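Per-entry structural report
The chain contents come next:
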Amino acid sequence: MFINFTNHPSANWDPKQKKEAQTYGEIQDVPFPIVPPAASQAEVHQIARDYTAKILSYHPDAVLCQGEFTLAFQVITLLKKEKIKVLAATSERRAVEICENGITKRSLIFAFEQFREY
């Protein structure tokens, strides 16, 4: 089982990223929560414990963990203590500029490259 613990649903991934994730098994999305900026360290730690327990209940082979840094760090640490492989997605950022009617719009495209272990 591959847990996608991010705020990017796997349904929106490109085929290359899906194929790479599926080498670990079925993909299960666990949406990364919004962490209130005013949350105390103790509150973030409790959120980390709760989500780690939820993730572990799936018995994952690997977890993609990306989100708010302090929560992600705590979840990564807890999962690694349980000998779970925790990954980050790497991508190439491509800027595309489009000029229409004198207005230039810039959009960013993130092209998945690989998963990298924490």
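First, a word on what this report is: a plain description of the structure on this page. Sequence positions are assigned chain by chain, starting from 1 and proceeding in written order. Per-residue local features of the predicted model are confined to residues with pLDDT of at least 70, and side-chain atom pairs are confined, for both listing and counting, to 80 or more; whole-chain, interface and lining totals are unaffected and use all residues. Note: side-chain values were computed over all heavy atoms of the structure, leaving out hydrogens and water.

The next point concerns the overall build of the chain. Counting secondary structure elements, the chain contains three helices and five strands. Beginning at the N terminus, the succession of helices and strands in the chain can be written as β-α-β-α-β-α-β-β. If one aligns the C-alpha atoms of the chain with their principal axes, the spans along those axes are about 55 × 40 × 20 Å. Two residues form a contact once any of their heavy atoms are found within 4.5 Å. In the chain, once contacts between residues fewer than 6 apart in sequence are set aside, the share between residues at least 24 apart is 61%. Carbon and sulfur atoms provide 53% of the accessible area of the chain, an area that totals close to 7700 Å². Within the chain, one finds 14 positive and 14 negative side-chain charges whose respective centroids are separated by 3 Å. Secondary structure is summarised from DSSP: a helix means a run of H or I of at least four residues, a strand means a run of E of at least two, and numbering begins at the N terminus for each. Each accessible area is a Shrake-Rupley estimate made with a 1.4 Å probe; only the visible protein chains count as cover when residues are assessed. Asp and Glu count as negative and Lys and Arg as positive, but His and the ends of the chain are not part of the count. Charge positions come from single atoms, namely NZ of Lys, CZ of Arg, CG of Asp or CD of Glu.

A helix is expected to span 1.5 Å for every residue after the first. Along its 13 residues, helix α3 (residues 69-81) runs 18 Å from first to last C-alpha, staying within 8% of the 18 Å computed at 1.5 Å per residue. With a 1.4 Å probe rolled over the protein chains alone, any residue whose accessible area is under 20% of its type maximum counts as buried; one over 50% counts as exposed, and the rest are partly exposed. Buried within α3 we find L71, A72, Q74, V75, I76 and L79. Taken from the residues just after α3, K83 is the one with a positive phi, measuring 65°.

On to the nonpolar core. For our purposes a nonpolar core is just a set of buried Ala, Val, Leu, Ile, Met, Phe, Trp, Tyr and Cys residues, chained together by side-chain atoms within 4.5 Å. Counting residues in each nonpolar core, the largest one holds 18 residues, and the members touching the most others are F5, V63, C65 and V75. For this core, the secondary structure elements donating two or more residues are β1 (2-5), α2 (41-56), β3 (62-65) and α3. Considering every element that reaches this core, the biggest residue donor is α3, with five residues. Among the nonpolar cores identified, the runner-up in size contains nine residues, and W13, A21, I27 and L64 belong to it.

What follows is about the layout of surface pockets. With a 1 Å grid spanning the protein atoms alone, the term cavity applies to any set of points in which a 1.4 Å probe fits but cannot get out, the term pocket to an open set with protein on both sides within 12 Å along at least five of seven lines, and the term lining residue to any residue with an atom within 4 Å of a point. Grid points are joined across faces, edges and corners, and a volume is the space filled by probe spheres set on the points. Approximately 430 Å³ is the volume attributed to the largest pocket. Lining the largest pocket are 16 residues, with H8, Q17, A89, S91 and F110 positioned closest to its centre. Counting residues per element, the ones that place at least two in the lining of the largest pocket are β4 (85-100) and β5 (103-117). Its residues assigned to classes, the lining of the largest pocket comprises seven nonpolar, eight polar and one charged. Asp, Glu, Lys and Arg are counted as charged, while Ala, Val, Leu, Ile, Met, Phe, Trp, Tyr, Cys and Pro are counted as nonpolar; the rest, among them Gly, fall into the polar class.

Before going further, it helps to spend a moment on the environment of I3. Tracing the backbone through its elements, the reader meets I3 in strand β1. On the basis of relative accessibility, which here comes to 0%, the residue I3 falls in the buried class. C-alpha of I3 to C-alpha of P60: the two residues are 57 residues apart in sequence and 6.4 Å apart in space. Ignoring any residue separated from it by four or fewer positions in sequence, one finds I3 in contact with Q28, V30, I55, Y58, P60, A62, V63 and L64.

The subject of this paragraph is the sheet that holds strand β2 (residues 27-29). Only strands joined by at least two bridges in the DSSP assignment are considered to pair. Spatial strand order, β2-β1-β3-β4-β5: five strands in an open sheet with mixed pairing. Looking along the sheet, the strands with just one partner apiece sit at the ends: β2 and β5. If you compare each strand with its neighbour and ignore which way they point, the axes differ by 25° on average. As judged from the four bridges shared by β1 and β3, these two strands associate in the parallel manner. For F2, the partnering residue across the bridge sits in β3 and is A62. All axes here are fitted lines through C-alpha atoms, helices being fitted over the stretch that makes contact, and every angle between N-to-C directions spans 0 to 180 degrees. Contacts from α3 reach β1, β3, β4 and β5 within the one sheet, and its direction differs from that of β3 by about 170°.

Purely spatial values, then, with no claim about function.
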